[in-house]
Amino acid sequence: MFQDSPIYDRLVAERGDVPEQVRRDAERVSRELEVVMRPLRATGHLPGAERQPSPGAGWQRTALLPGPRPH
């Protein structure tokens, strides 16, 4: 990715290859999640699947049009 980049090479030497570490950690977490989610997918019981959200439940924000606000 960074061919002939002395600044990047110096940063890697000082701090380690942070992007590579992040990629490895993201792949590890993805594999762990796949293992954890596999039984739920096989049975069709994903968390929250049994509940249907009711209309109007939860917090909602309405937009205000520009201009004077009604009191």
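Analysis parameters
Residues numbered from 1 in each chain as written. Predicted model: local features only at pLDDT ≥ 70, side-chain atom pairs only at ≥ 80, totals over all residues. Heavy atoms only, no water. Helix = DSSP H or I, 4+ residues; strand = E, 2+ residues; numbered from the N terminus. Buried < 20%, exposed > 50% of the residue type's maximum accessible area, 1.4 Å probe, protein only. Areas by Shrake-Rupley, 256 points an atom, 1.4 Å probe, with all protein chains shown as cover. Salt bridge = Lys/Arg side-chain N within 4 Å of Asp/Glu carboxyl O. Expected span 1.5 Å × (residues − 1). Bend = angle between axes of the 7 residues up to and from the residue.

Asks: Is there a simple way to explain the overall build of the chain in this structure?
Replies: When its secondary structure is counted, the chain shows 2 helices and 0 strands. Burial analysis of the chain (71 residues in total) assigns 1% to the buried set. Carbon and sulfur atoms make up 58% of the accessible area of the chain, which amounts to about 7,300 Å² in all.

Asks: Is there a simple way to explain the pattern of salt bridges in this structure?
Replies: Note that side chains of opposite charge can pair when their charged atoms are close. By the definition in use, this model includes 4 salt bridges. Here Glu20 and Arg23 are joined by a salt bridge, their closest N and O atoms 3.2 Å apart. Remark: Arg23 and Glu20 occur in helix α2 (residues 18–43); sequence separation between them is 3 residues, near one turn of the helix. We classify Glu20 as partly exposed; its relative accessible area is 28%. Residues Glu20 and Arg24 are paired through a salt bridge, measuring 3.8 Å at the closest nitrogen-oxygen approach. You can see Glu20 and its partner Arg24 sitting in helix α2, 4 residues apart, about one turn around the helix. Accessibility expressed as a relative area gives 45% for Arg24, which makes it partly exposed.

Asks: Looking at this model, I keep getting lost on α2. Mind explaining?
Replies: An α-helical turn contains 3.6 residues, so a residue and the one three or four places further along point in the same direction. Here α2 spans 38 Å end to end across 26 residues, near enough to the 38 Å set by a 1.5 Å rise per residue. Of all bends in α2, the biggest is about 40°, found at Met37, and the proline Pro39 comes one to four residues later. The positive-phi residue at the C-terminal boundary of α2 is Gly44, with phi of around 75°.

The values reported here are purely geometric and, on their own, carry no functional implication.
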